[in-house]
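Inside the fold
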Amino acid sequence: KSDKPVIPVKAKKRKPLKLLSEKQKKELAKRAKLRRELTEESGGLCMKCGKPPDFRGLQLVHKLSLAQGGKTNRKNCYVGCGRCHSPEHGIKEVEP
């Protein structure tokens, strides 16, 4: 072993996590509430295919995305399984 002294490496300072604004907190709470309500109404099944969800569970899906001016409300949202929602984002499902 070397007799050279060990010089500690100074750890990089991490940036603090970005806090959510009040508007963001309200939107996330609204989504969670709507997802719970729609999941209960659908009996825990996908509202698109009617099947039980896979390991990913049910997701709140916006028919018209928020970026395109869609709103988080019953008219524009449904709960869907990963099998139905993934293709909307160009993700291909792998068959077992």
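Before going into details, it helps to say that this report is about the structure given with it. What you see is a predicted model, and the numbers here were worked out from it, not measured in a lab.

**With respect to the pairing of strand S1 (residues 58-62)**
With four of its five residues buried, S1 lies for the most part within the structure. Direction of pairing for S1 relative to strand S2 (residues 77-81): antiparallel, over a ladder of five bridges. Residue pairing across strands places His-62 opposite Cys-77, the latter belonging to S2.

**Quick notes on the side chain of Asn-76**
Here Asn-76 shows up in the loop between S1 and S2. If sequence neighbours within four positions are ignored, Asn-76 has contacts with Val-61, His-62, Lys-63, Leu-64, Gly-70 and Lys-71.

**Observations concerning the environment of Asn-76**
According to the relative accessible area criterion, Asn-76 is buried, its value standing at 11%. The spacing of Asn-76 and Leu-66 is 10 residues in sequence and 9.8 Å in space, taken between C-alpha atoms.

Reading the values: the criteria
Residues numbered from 1 in each chain as written. Predicted model: local features only at pLDDT ≥ 70, side-chain atom pairs only at ≥ 80, totals over all residues. Heavy atoms only, no water. Buried < 20%, exposed > 50% of the residue type's maximum accessible area, 1.4 Å probe, protein only. Helix = DSSP H or I, 4+ residues; strand = E, 2+ residues; numbered from the N terminus. Pairing = 2+ DSSP bridges. Contact = heavy atoms within 4.5 Å.

The values are spatial; any link to function lies outside them.
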